[in-house]
Amino acid sequence: MNQMLNQLVSKYLHQTQELFGNTLYFSNKDGDVNFYESGDINSDIIFVKKKSSDKDEQMIFSKILKALNLYEDQIFIIDYISNIKSDKKLRALISQLNPKIIVSLGSDISQFILSTNENVDSLRTKNNFLKEAKVIPTYSLKNIKNNLDLKRRAWNDLKVIL
């Protein structure tokens, strides 16, 4: 039954992507958008990060992808907007995907994905998994922007993708 449900959800997501393109919008019951998605839903790599209109943060993310030799259409990106800790739709979406790697940029999203209260510094030192996917918790783009020492640490976390 669970496998059949997974196949139906996967088929629905593919059809939605064909109809509406690579960016999907999900709303909560109040009509507020909680997160945006873009890229390849079938990618082996997912990045989950806080949505930002800050040009410097966007540039940092672009540079991270370039350094990893990745392009936005090769990966799946989830940009969350609101309180991540109680988003059942986001949790359901992540559980339906079958990536090999999930990169979580920031403490809130790392704690959410790994169902823990540990800080990102602690999580970075562990081998983290969600189902079979390796979870790479690292610093948020905002923290990297505001503290350049974190840039090197984040790169050390992310270069295992190469």
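Scroll up to find the structure this text is about.
Residues numbered from 1 in each chain as written. Predicted model: local features only at pLDDT ≥ 70, side-chain atom pairs only at ≥ 80, totals over all residues. Heavy atoms only, no water.

Asker: So what's going on with the overall build of the protein? Which residues, and what values?
Answerer: Counting secondary structure elements, the protein contains 7 helices and 7 strands. Secondary structure elements in the protein, listed N-terminal to C-terminal, are α-β-β-β-α-β-α-β-α-α-β-β-α-α. Among the 162 residues that make up the protein, the fraction classed as buried is 41%. Relative to all contacts within the protein whose residues are 6 or more apart in sequence, the contacts with residues 24 or more apart total 62%. Of the roughly 9,800 Å² of accessible surface on the protein, a fraction of 50% belongs to carbon and sulfur atoms. (Helix = DSSP H or I, 4+ residues; strand = E, 2+ residues; numbered from the N terminus. Buried < 20%, exposed > 50% of the residue type's maximum accessible area, 1.4 Å probe, protein only. Contact = heavy atoms within 4.5 Å. Areas by Shrake-Rupley, 256 points an atom, 1.4 Å probe, with all protein chains shown as cover.)

Asker: Can you break down the environment of serine 104 residue by residue, with the values?
Answerer: Mapped onto the elements of the fold, serine 104 is located in strand 5 (residues 101-105). Sequence-wise, serine 104 and isoleucine 46 are 58 residues apart; in three dimensions their C-alpha atoms are separated by 8.4 Å. Residues contacting serine 104, with those up to four places away along its chain left out, are Val48, Ile109, Ser110, Ile113, Val135, Ile136, Pro137 and Thr138. A distance of 2.7 Å separates the side chain of serine 104 from the side chain of serine 110, its partner in a polar contact. (Polar contact = N/O pair within 3.5 Å; in protein donor to acceptor, adjacent residues only side chain to side chain.)

Asker: Report on unusual backbone geometry, specifying residues and quantitative values.
Answerer: Even without being a glycine, serine 115 presents a positive backbone phi close to 50 degrees. As for its placement among the helices and strands, serine 115 is situated in the loop between helix 4 (107-114) and helix 5 (120-124).

Asker: Provide a residue-level description of the nonpolar core, including the pertinent values.
Answerer: Membership of the largest hydrophobic core comes to 22 residues, with the highest contact counts inside it found for Phe47, Phe61, Leu70, Ile75, Val103 and Ile161. Residue assignment for this core shows that the elements contributing at least two residues are strand 3 (45-50), helix 2 (55-67), strand 5, helix 6 (141-146) and helix 7 (148-158). Looking at this core element by element, the count peaks at 4 residues for helix 2. In this structure, phenylalanine 61 is in contact with Phe47, Lys49, Glu72, Ile75, Ile77, Leu105 and Leu141, ignoring residues within four places of it in sequence. Core analysis: the second largest hydrophobic core is formed by 20 residues, Phe76, Ile84, Leu93 and Ile113 among them. (Core = buried A, V, L, I, M, F, W, Y, C linked by side-chain atoms within 4.5 Å.)

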